[in-house]
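So you can see what is in the structure, the chains are spelled out below.
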Amino acid sequence: MNSLKDSPYYREAFNEIVYDFGTFYLFDNCIVAEINEGVVFTWDDHAKGAVKDILDLYDSDGRNIIYISNRINNYSVMPSDWVKFFKNNFRMKGYAMVNYTKSGHVNSLLEKLFVPMSKRFSSIDQAIRWAKSKSESVISQ
């Protein structure tokens, strides 16, 4: 379970935002989130403010950004809170979940019910390469 900081991709991030519940690494084409151990991640307590802060930096509603959840820590997500994300007119180009454990994989199956476009990966490298290829395919069209 590798943090983005331990990968060669870390130097490509143009910004790093640290909250008391986790860290977000901003790239041209994607955002990598690492939520802290033991957090119960909800829309109202965490995501709403972080999404607004981050998308203000991108000057976007998110439709050109891929969100990667690098699940290096054990934490909980309220999957139904994705409805609140979309009801607030936020968008995203893609969503990747990087799971390192069997329980993380099971949780991502539940979350996929609320975000059907999501992809699962077993390493941050795979997820970032997917995000880059997804962005490059749009540029070349």
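Refer to the structure above for everything that follows.
Because the structure is predicted, anything quoted here is derived from the model rather than measured.

> Would you mind going over the environment of Val18 in detail, with residue names and values included?
Turning to its location among the elements, Val18 is positioned in strand S1 (residues 15-19). Here Val18 falls in the exposed class, since its relative accessible area comes to 59%. Spatially, the C-alpha atoms of Val18 and Ile35 are 9.9 Å apart, while their sequence positions differ by 17 residues.

> Give a description of the sheet that holds strand S5 (residues 66-71) that names residues and reports values.
What the six strands build is an open sheet, ordered S1-S2-S3-S5-S7-S8; its pairing is mixed. Looking at strand neighbours, the two that pair on one side only are S1 and strand S8 (118-121), the edges of this open sheet. The sheet shows a mean angle of 20 degrees between the axes of neighbouring strands, taken without regard to direction. With five bridges connecting them, strand S2 (residues 22-26) and strand S3 (residues 30-35) associate as antiparallel partners. Within S3, the position partnered with Phe24 by the bridge is Ala33. Helix H1 (residues 43-58) rests against S1, S2 and S3 of the sheet, and its axis sits at about 160 degrees to S1.

> Explain the side chain of Asn29 to me, and be specific about the residues and the numbers.
Note that Asn29 resides in the loop between S2 and S3. The residues touching Asn29, leaving out its near neighbours within four places in the chain, are Asn64, Ile65, Ile66, Ala131, Lys132 and Ser135.

What counts, and at which threshold
Residues numbered from 1 in each chain as written. Predicted model: local features only at pLDDT ≥ 70, side-chain atom pairs only at ≥ 80, totals over all residues. Heavy atoms only, no water. Helix = DSSP H or I, 4+ residues; strand = E, 2+ residues; numbered from the N terminus. Buried < 20%, exposed > 50% of the residue type's maximum accessible area, 1.4 Å probe, protein only. Pairing = 2+ DSSP bridges. Axes fitted to C-alpha atoms, helices over the stretch in contact; angles between N-to-C directions. Contact = heavy atoms within 4.5 Å.

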